[in-house]
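Here is how the chains run, residue by residue.
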Amino acid sequence: MSLDPLNFQPPSPQTSRLHTLRQDGPLWRAHGDTDVLELSCAAPGVLRLRLAAGARAAHMNFPRLPAKQSFMLAPGQPEPLALVKAETSAGEWKLTGGGLCVTVQQAGGHVTVRELHDDGTPGRTLAELEAWTTSADPLRRRTASLAAPALHSYLGFGQKVGPLDKRGMHLTFWNTDCFPHHLDTDPLHLSVPFTTILTPTGQAHGLFLDESWRTEIDVAKRDPARLELTSAGQELDLYVLQGPTPAGVLRRYADLTGYAPLPPLWSLGAGQSRWGYKSEGEIRAVIAGYREHDLPLDSVYLDIDYMDAYKVWTWDKSRFPDPAGLVKEARAAGVRLLPIVDPGVKAEAGYDVYETGLEAGHMVRTARGDVLLGEVWPDPAAFPDFTRPEVQDWWAGLHKRFTDIGIAGQWNDMNEPANFSLRGPASALGVTGFTVGMQYTEGKTLPYDARHGNRSHLEMHNVYANGMAEASRAGYAEHAPDVRPFILTRAGAAGIQRSAAVWTGDNASRWSHLQLSLPMLMGLGLSGIPFSAPDVGGFDLDSTGELLARWYQTALGYAFVRNHASNFTAYQEPWRFGEPYLGVIREALQMRYRLLPYLYTLAQQAGVSALPPLRPLALHYPADARARAEASSYLLGEGLLVAPVLAANTVQRPVYLPGAGESWAEVFNLSSFGEIHAGGQTVSAQAALDTLPLYLKSGQAIPTTEAALHTGHACWERLSWLAHAGPQGLSGTLYEDDGDGHGPHRLTRLWAERGAGRLVLGREEVGDLERVRRGEQLRLVGLESVNEVQGAQSWHFGGGLLRVTLPEGWTEIGILGD
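Residues numbered from 1 in each chain as written. Predicted model: local features only at pLDDT ≥ 70, side-chain atom pairs only at ≥ 80, totals over all residues. Heavy atoms only, no water.

### Digging into the overall build of the chain
For step 1, the next point in the chain: What the chain contains, in helices and strands, is 16 helices and 52 strands.
For step 2, the next point in the chain: The globule rule puts the C-alpha radius of gyration for 818 residues at 28 Å, and the 28 Å found for the chain is close to it.
For step 3, the next point in the chain: With the C-alpha coordinates of the chain rotated into their principal frame, the extents come out at 85 × 70 × 50 Å.
For step 4, the next point in the chain: Within the chain, the fraction of its 818 residues that count as buried is 62%.
For step 5, the next point in the chain: For the chain, the accessible area works out to roughly 28,300 Å², and carbon and sulfur atoms hold 52% of it.
For step 6, the next point in the chain: Side-chain charges in the chain split into 71 positive and 90 negative, and the spacing between the mean points of these groups amounts to 2 Å. (Helix = DSSP H or I, 4+ residues; strand = E, 2+ residues; numbered from the N terminus. Rg over C-alpha atoms; globule rule 2.2 N^0.38 Å. Buried < 20%, exposed > 50% of the residue type's maximum accessible area, 1.4 Å probe, protein only. Areas by Shrake-Rupley, 256 points an atom, 1.4 Å probe, with all protein chains shown as cover. Lys, Arg positive; Asp, Glu negative; His and termini not counted. Charge placed at Lys NZ, Arg CZ, Asp CG, Glu CD.)

### A word on the sheet that holds strand β12 (residues 169–173)
For step 1, the next point in the chain: Across the sheet, which stays open at both edges, the nine strands sit in the order β5-β6-β7-β8-β9-β10-β17-β16-β12 with antiparallel pairing between neighbours. The sheet is open, and its two edges are formed by β5 (85–88) and β12, each paired on a single side. Each neighbouring strand pair of the sheet contributes to a mean axis angle of 20 degrees, computed without reference to strand direction.
For step 2, the next point in the chain: Note that strand β7 (residues 100–105) and strand β8 (residues 111–116) share five bridges and pair antiparallel. What sits directly across from Val-102, in β8, is Val-113. (Pairing = 2+ DSSP bridges. Axes fitted to C-alpha atoms, helices over the stretch in contact; angles between N-to-C directions.)

### A word on the packing of aromatic side chains
What characterises a pair of aromatic rings is the spacing of the ring centres plus the angle enclosed by the ring planes.
For step 1, the next point in the chain: In this structure the tally under the stated criterion is 25 aromatic pairs.
For step 2, the next point in the chain: Ring plane angle 50 degrees and centroid distance 6.4 Å describe the contact between Tyr-310 and Trp-377, whose orientation is recorded as tilted. Of the two residues, Tyr-310 sits in the loop between β20 (299–302) and α4 (323–332) while Trp-377 sits in the loop between β23 (373–375) and β24 (381–382), which places them 67 residues apart along the sequence.
For step 3, the next point in the chain: The exposure class assigned to Tyr-310 is partly exposed, which follows from its relative accessible area of 32%.
For step 4, the next point in the chain: On the basis of relative accessible area, Trp-377 is assigned to the partly exposed category, the value being 29%.
For step 5, the next point in the chain: Three or more aromatic residues link up through ring pairs in this structure, and these residues are Trp-313, Phe-386, Trp-394, Trp-395, Phe-402 and Tyr-464.
For step 6, the next point in the chain: Between the NZ or CZ atom of Arg-562 and the centre of the ring of Tyr-301, over which it lies, the distance is 4.9 Å.
For step 7, the next point in the chain: Here the guanidinium or amino end of Arg-562 rests over the ring plane of Trp-503, the centre of that ring lying 5.0 Å away. (Phe/Tyr/Trp six-rings, centres within 6.5 Å; stacked < 30°, edge-to-face > 60°. Lys NZ or Arg CZ within 6 Å of the ring centre and 35° of its normal.)

### Points about the pattern of salt bridges
For step 1, the next point in the chain: The final tally for this structure, using the stated rule, is 51 salt bridges.
For step 2, the next point in the chain: A salt bridge links Glu-130 to Arg-226, with the nearest nitrogen and oxygen atoms 2.9 Å apart. Placement of Glu-130 in strand β9 (residues 122–134) and of Arg-226 in strand β17 (residues 226–231) is noted, with a sequence separation of 96 residues between them.
For step 3, the next point in the chain: A cluster of three or more residues bridged by salt bridges with shared partners is formed by Glu-736, Arg-746, Arg-763, Glu-765, Arg-771, Arg-773 and Glu-776. (Salt bridge = Lys/Arg side-chain N within 4 Å of Asp/Glu carboxyl O.)

### Considerations on the side chain of Asp-506
For step 1, the next point in the chain: Mapped onto the elements, Asp-506 comes out in the loop between β31 (501–503) and α11 (511–525).
For step 2, the next point in the chain: With sequence-adjacent residues up to four places away left out, Asp-506 is seen in contact with Phe-179, Pro-180, His-181, His-189, Arg-490 and Phe-539. (Contact = heavy atoms within 4.5 Å.)

### With respect to the packing of helix α3 (residues 280–292) against α4
For step 1, the next point in the chain: It is the contact of α3 with α4, at a shortest axis distance of 11 Å, that shows an interaxial angle of 0 degrees. Considered as vectors, α3 and α4 are oriented roughly parallel to each other. For the pair α3 and α4, the contacting residues are Glu-280, Ile-283, Arg-284 and Ile-287 in the first and Pro-323, Leu-326, Glu-329 and Ala-330 in the second.
For step 2, the next point in the chain: Each residue belonging to the contact of α3 with α4 can be placed in one class, and the counts come to five nonpolar, no polar and three charged. (Parallel < 35°, antiparallel > 145°, perpendicular 65-115°, else oblique. Nonpolar A, V, L, I, M, F, W, Y, C, P; charged D, E, K, R; others polar.)

### Quick notes on helix α6 (residues 389–398)
For step 1, the next point in the chain: Taken as a whole, α6 has its buried residues at Val-391, Gln-392, Trp-394, Trp-395, Ala-396 and Leu-398.
For step 2, the next point in the chain: Lining the buried residues of α6 we find β21 (336–341), β22 (345–346), α5 (352–359), α7 (400–403) and α10 (464–479).

### Overview of the environment of Ala-707
For step 1, the next point in the chain: Along the polypeptide, Ala-707 turns up in the loop between β43 (700–704) and β44 (718–724).
For step 2, the next point in the chain: Its relative accessible area of 39% is what places Ala-707 among the partly exposed residues.
For step 3, the next point in the chain: In the structure, Ala-707 is positioned twelve residues away from Leu-719 in sequence and 11 Å away in space, judged by C-alpha atoms.
For step 4, the next point in the chain: The residues touching Ala-707, leaving out its near neighbours within four places in the chain, are Gln-590, Tyr-593 and Arg-594.

Dropping the structure here:
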C-alpha cells in the first residue's frame, strides 16, 4: 500500500524492532523504541547505512542521530542523492535510488541491498545485513552481521598479512607499533576497514566501514556464513559500494576517501636508508658509494640520528653542522635527502617546539586533563593532537625549517602513535593493569581514555597519523608551493592516500618477508592506497646477497624502492655483497629506471582512476579462480606481468598467465623478446640469479627510456615503446611533465588498428608541454610477417620482432604484411 513518505505508521510497535520511517531531507530514518537506522544514497551506486543499536541510551536527541564528523572521508563530499521511492508490504519498507534498491524488514531490522535494473526490478544482492546489536561489555561495542556467501572472496582490508583473499581470518584494526612483525602478526601499522568482494563469476562490490574507533572484522572465521563488523563506537557507519568490476569498486571508494596526488618523479628512483647513518660524512659516503659503483640513486633517508637529542625539527650540530650545505651538495649529485619526523615532542624546558605547543594547548591530555607524557626516542615526550585543525596548522608551520634549506620530502614514523611507556602516577595515566575498560592501554601507545579535545584516544587512535600527514602536506604547500613533496608514513587509516605514501614498517631480512610483501602490497592497492612498499632487503636481521638481489628484482614495480636496515644489522648497501650480486642489483635498478616513463604514467593514472600501479591478477581477471589466488606474481599496470623468484637457490618457477584468448610475450629483463605463450595456462620460467621473468600482454604497448644514474625531468628525450600486437591492434599511454611542481603536461596515446595484412599505428597528443624528443623507437611482436613499414625512418624485421625508428613528429605509420 502507499504510505505518507514523511511518517510511516507502525504496523505493530510491540513486535517490530523498527516501527517508524521518516524522511529527513535526502536521508530516511527508521527507528523503534531503542534503535535507529539511517539510510542515504551517498552517490550513484553507493548506499550509506548508519546503524545505531541502543541509540536511545547513547544519544540525547533520539531518534535523531548527531551529525557525524568523518576523519576518513575526503572533504567536500557531495550532497546525498534522494531515495525517491518508498513502498511497504508485509512488514517491510523498500527504498530505491542511485541504481540501488534497499529493503528493510521492520520486525528484526534485516536490511538487503540490491542492484536495480534499468526496468526498476531488483538485481543481484550486494549486502544482506542479518543482525546489528550492542554488547554489554564496558566498551559497549556495536556489531553488525552480514551474510558471507560461499565462494565469495574478500580482498583488501589495508595492511594485513596472509593470502590475498582474507576469508577465514579475524582482523583487528588498531594501529600498532610491532617490531618485528611475523607472518601471522595482526594488527599492524595501518587500518583500512574496506573490502572488495568478488563473486565466483567475477562480479564485484564493496563494503567500507567509516569508523575510526577500534574495530574488529571477522571474515567468515567464527561462522563460515557470516561477516561480522565490530566497533567500539556508538554506531556502525557502513557504505555499500556497487561494482560491478573491482576497478569500479575502487573508483567509488576513492570518490569517498580521496585520490592519491602524483608523487615527484625522483621518488620513483632508488633510495637508500639505514638507522645508523650518524653523520654528514656517512651520508656523503653513501652517495659516493652509489656513484662509484655505477648505481642509480635519487634519495637518501635520514633516521633519528640527525636530531639533537631526538628533538624533532632540530639538527645535531656536532654530527650535522651544515644541513643546508649537505642538502645542496646531495642535490648537486642528483640526490634528495628525506629526514625522519616523529610525533613525540621532547618535554624539555626551553625547547621551542615543546614550549609553543604546550602554551597553545596543542598536546594530547590524560583523562584528568594533564598533558600526557610518555617515552619514545625523546624521554619524556608529549604528543601533538593532530586530530584538531589548529594543531595541524601549527605543525605545518614547522615545515619551514625544512623547506628553507631545500628539503622537499620526509618520512613520518612512530605515528601510530608509538609510546614505549607512560610517565607520571598510574592513577593519573589511566593504567589499571589488564582491565579492558576505558583506562586500558592496548600495545605500545596511549591509553584508551587519553583526550583529543573532547574525544577519546579509543576513537582517534587509528586516524592520528592521517592528521600528521595532512599537516605535512599542508606545510610544503604553504612554504614550498612550487615543489611536489614526497611524504611517507608508517601508520594511517582510510584516506591516508590523500596525503602520503605508505611503507609497511619494520620487516625482516627473510625470504618469507619477501614473499609476504606482494599480497600485502596488493591488499593495500585494493584498499585505495596505490603507493606503498616494504623496506627492500629487510629492516631486521642480516640480509644476504642472494636475498637482496632477488628483492631488488621483485621491487621493479614497487611504488618506491628504499633499501632500509636497522642499526643492529649488517650493512646492506648493494656493494656490500660483492659480485655477482652487485651486478644483478645494478641491472635490476637499471631496469627500474628504464621503466620510469611507464611507472610515472601509472602513478598519474592512479590519481585519476584509483588503480594502483602494482596490481593483483584478480583486479583484471576477477572471474578466473587461479588469478584470484595468485599472489607470487603481479601485473604492473595492465600490460606487464612480473614473476620474480621469491625463494633461495631457485632458478626456475611456474608462472600463471591469465586470460584465455590472450597471449603473453616473454620480455625477460626488458631486453630481447622471447617465446609468446597463450593465456590461461601455467608456464615454466627459467630464472637464473640475473634473470627477472617479465611478460608483455597482447594488445599492450609500454613506454621505456634509457637508464640513468638519477632522474631528471619526466619529459623524455629518448623513448622506446615495447609493444605486443593483439588481434584487434594495441594501445599505450604516456604521461609527461617536468617531474615536479605543477606546470604543463602532455598525454600521449599510442593506438593501432589491425586489418587484412595491415596494421595502422598512430599517435595522439593532448597538452601544452613542450616536446623535447630526440629519438623514438618501437619494438613490436605479434606479427607473422612484415613486408613494408610506411612512414618509418628505418625498420627491420627478423625473428618475429619488428624494430622501427620513428621520425620526429610522427602521427601515423602503416605496417604491411602477408
